[in-house]
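The chain contents come next:
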Amino acid sequence: MDIEDSDDAVETIRALREKCDFLEKEMRKKLIAKTEDFQKSMVEMTEKNLNSEKQNKIHFEKVNMLTKEKQMLMDDKKMLLEQVERSKRSRSLLIQQKLALENETNEIRKSLKEQKSENEKKGALILKLKEEITALKVKSREVTLIDYDDLKSSKGRRERVQKGCDYLQKLAGAHSTQFYKDLLNKIHREGIAKLKFSPEEGLQLYHSANLSRSNFRTVKKMVKDHNLFDPLPSLQSIMDLEESVASEDVFTTYETRGVKDKDKVVVVSHLTDVAKTVASRVEELIKLEKLTCDFDNGLWLSVMGDKGGDEMKLCLAIGNVNCPNSCHNLIPLAIFNDEESSQALLQHAPTVINQLNDLKQLTIKVNDEEVVIPVEMFLGGDMKFQYDMLGHQGASATNSCMFCIKRGRVKIGEYKRGESLVMRTEQTYATASAKGHEKAVESVKPNSSFVFKSIRLDHVTIPSLHSVMGIGQTYGFDNLLLWATELDCDDDNPAITKTDIKQGRLRKSNILNLQDEVKNLEIEHRSMSIVVEILQHFRDSAIDGNDQTQEAACSSEKCLLRDRLMGKAPLFDSRLVKCASCEETVHAVCCGNWSSDEWSLTNDSSIPFYCFRCCGVSGLRIDQLATRSLELLEKQLKMKTEELKKEQDRYDSTTEALKGKKEHRKKLEELWKKWGADMSVWRQNFCGNHVYNILKEDAIDDYMSVFRDHKHFKAMSEFLKALGRLQRLCVPRLLTPEEIDDMENAIDTMWANLQEFAAGDNVTPKLHAVLEHLMPFVRIHLTWAKTSEQSIEAFHACYNSAKLRYRTNRNELLKAQQCFKRCLINNR
């Protein structure tokens, strides 16, 4: 603002004041800025002073430290000078000592030369003493170290094991695993301890566990994958043993026609060389130290035959082993699916019978030397088989005994032991057979002869298992059931007989069996109808379902699971199986497993299955096979339904004669069940094991308490206990003289009590054989059950398991060959 331009003084003063104020503010700002700069300069100067003081302090400390070091160096210098002086004095002293030591060394060398000759003389003696000391130390350790098995305390055993583990860990290192496997293999090879299965033991394990080739390889692979010691032999060694035991040269399998039904196709398997197979088995038993030497006249061989299921089995048992009654002791001679008769045996296995007739001795190798063993042949099996092999008409014939000529159907009250016994011989059989034309003479079939001509009549073994079971059931358990029913019936009811009770029990058993069969057939029929309908959909190209997932899972030509209708089949589901031939995966229902029996096998991985392609079945043949199966099921269902209705009517009529409170009958069966014999399972009678259980004295006292007030209570109790004593003497070994006397006393006790409570019953062929012919046989051969039929009865289950294993094989010839091979392997 310019003052000169202002006319007004006040305005001029105001302007001057504003200018002064402005200048004052500017001066104040500059003053503040200069003050702040001054303060900053003062702070910087202060910091510089502090840093200078710190540096001075550090410098001062360094000066002090250097001063101290200088003083220490001066002290060290003084000390070193003193040490130098001492070293000079000691050096002169050492020179003097060295001269003295050289003199002493010369003297020592002279003395050593003098002692060297003496040491050489004593060297041999010292070495000898060292060897003696070492031997003494070793001997002392052997004496003090006790065998591990002799250690009594668990602490001592733990300490010994721990020492062994520690030592092995030092040898192997901290993380070694291969060392221990190599060590175990070495221990096994050296024979220190048995750690691996031999090929023979591996064969036994393989077949006892029902393993397949694939399962065995899986086990071996898992052992290897887990880095474990493998105790199993190689699969190839097992296959080599199978080939040597049951090769195609050992047995023959072929198809022929039936004896009576000429249209029936019979598959026969039999040994090629009986003597060679038996000799090989005897050599194996000697090698395994299982052949016993409890025979005087030679090797005991028992020929046995029986029909179980569809197959007739002819086997040979070796009696000179610890367990001759085992089914694994049986050598299969011939197996065929035809009737049980001598005519069938002669037609289907003539070479086997001829070889058995010529088998008088065996030539075996023991320690590379040939040994000749005489053979004693016996005829085992049940009485039906024995009758037929001898040419006898059987148990229902007029002269029902195969050992003597005595009329049958004699009441116990009229029977006289030992009277009117005319013993049969081989000659009397031949004479009676020659005399018979239109009518049999002495119950011998006309123009018949012994099938096994080398077996004498006194070598025919009375069946121990069936005899005890038959006598116990006929005279013991059936009479007890009759007594219980009589106690349960009202007084005005007609008299009840054993026939009524037996028929009622049989018919009830048949009804339950038929009901189960009809139910299963209805399920199979509904399921099979759906299969046939789906196959029709294939022909009409009308499949109703999504076939992507099922087609990917199943490689069959016609996958039935592609149709939703299969979900309504009550028997079938979508389970998969692998074809044993082409190893393709198919549904179980798509490869023809349409029956309930075959379907139940699909859960067993060890059962081989074969698809339709590998069986040569395709196209319309699959449809025809399904249609035939459905028609067969319809016929079976209709037949079983009618049979069930008829059986129910028969049972209703029988139960009218058995009305009562049933208290005693119920209690009797409960007590039998308590001792291990359940008649609801074994509906007709008891098996051998259950007869054994309820013939124990404690069991007899228990269930006989139901008839405490019966007039024949004592006689029945003593009869059952005597039969139990007789059964317990049916052991597969030689009997002592005391046991033979006890057996005879038991038979006498049985007979005395039978005459009291069963005088009106007939003497059965089994009872007659035990009363008259058992003790002469036992006193000659010193045993009853060493050549008994128990093994052939157990053999049926063994063969049936083989049939189940190979049931899905549609080729009957190949299936029979596999089953027979399996039986030969089981014999080993």
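Note: the structure precedes this text.
Here's a quick rundown of the structure. (Residues numbered from 1 in each chain as written. Predicted model: local features only at pLDDT ≥ 70, side-chain atom pairs only at ≥ 80, totals over all residues. Heavy atoms only, no water.)

### Here's the deal with helix H9 (residues 350–357)
Here's step 1: By the burial criterion, the buried members of H9 are Val 352, Ile 353, Leu 356 and Asn 357. Each buried residue of H9 sits inside an arc of 135 degrees when the element is viewed along its axis, so together they form one side. (Buried < 20%, exposed > 50% of the residue type's maximum accessible area, 1.4 Å probe, protein only. Helix = DSSP H or I, 4+ residues; strand = E, 2+ residues; numbered from the N terminus. Arc of directions from axis to C-beta.)

### Some thoughts on the environment of Pro 374
Here's step 1: Looking at where Pro 374 falls in the secondary structure, it is placed in strand E7 (residues 369–379).
Here's step 2: You can call Pro 374 partly exposed: its relative accessible area is 41%.
Here's step 3: Spatially, the C-alpha atom of Pro 374 lies 53 Å from that of Val 617, the residues being 243 residues apart in sequence.

### Points about the packing of aromatic side chains
Here's step 1: The full count for this structure, using the stated rule, is 11 aromatic pairs.
Here's step 2: Relative to Trp 599, the ring of Phe 572 lies with its centre 5.2 Å away and its plane at 70 degrees, an arrangement referred to as edge-to-face. Pair noted here: Phe 572 is in the loop between helix H14 (548–553) and strand E8 (576–578) and Trp 599 is in helix H15 (residues 596–600), with a separation of 27 residues, a long-range link. The two residues Phe 572 and Trp 599 agree in class, both being buried.
Here's step 3: Between Trp 672 and Tyr 703 the ring centres are 6.0 Å apart and the planes differ by 70 degrees, which places this aromatic pair in the edge-to-face class. Within this pair, whereas Trp 672 is found in helix H17 (residues 663–674), its partner Tyr 703 is found in helix H19 (residues 697–703), the two being separated by 31 residues in sequence. (Phe/Tyr/Trp six-rings, centres within 6.5 Å; stacked < 30°, edge-to-face > 60°.)

### Considerations on unusual backbone geometry
Here's step 1: In this model, Glu 583 sits at a positive phi of 60 degrees, which is unusual for a non-glycine residue.
Here's step 2: The residue Glu 583 is located in the loop between E8 and strand E9 (585–587) in this model.
Here's step 3: A relative accessible area of 57% means that Glu 583 is categorised as exposed.
Here's step 4: In this structure, Leu 782 takes a positive phi of about 60 degrees despite not being glycine.
Here's step 5: Position of Leu 782 among the secondary structure elements: in the loop between helix H23 (774–781) and helix H24 (790–805).
Here's step 6: Leu 782 sits in the partly exposed class, given a relative accessible area of 37%.

### Let's talk about the pairing of strand E4 (residues 311–318)
Here's step 1: Where burial is concerned, most of E4 is hidden: eight out of the eight residues are buried.
Here's step 2: Here E4 shows a buried face lined by Glu 311, Lys 313, Cys 315 and Ala 317 and a second buried face lined by Met 312, Leu 314, Leu 316 and Ile 318.
Here's step 3: The sheet contact formed by strand E3 (residues 299–308) and E4 spans eight bridges and is antiparallel. Bridge pairing in E4 links Leu 301 to Ile 318.
Here's step 4: Of the pairings in the sheet, the one linking E4 to strand E5 (residues 330–336) comprises six bridges and is antiparallel in character. (Pairing = 2+ DSSP bridges.)

Taken by themselves, the reported measurements are silent on function.
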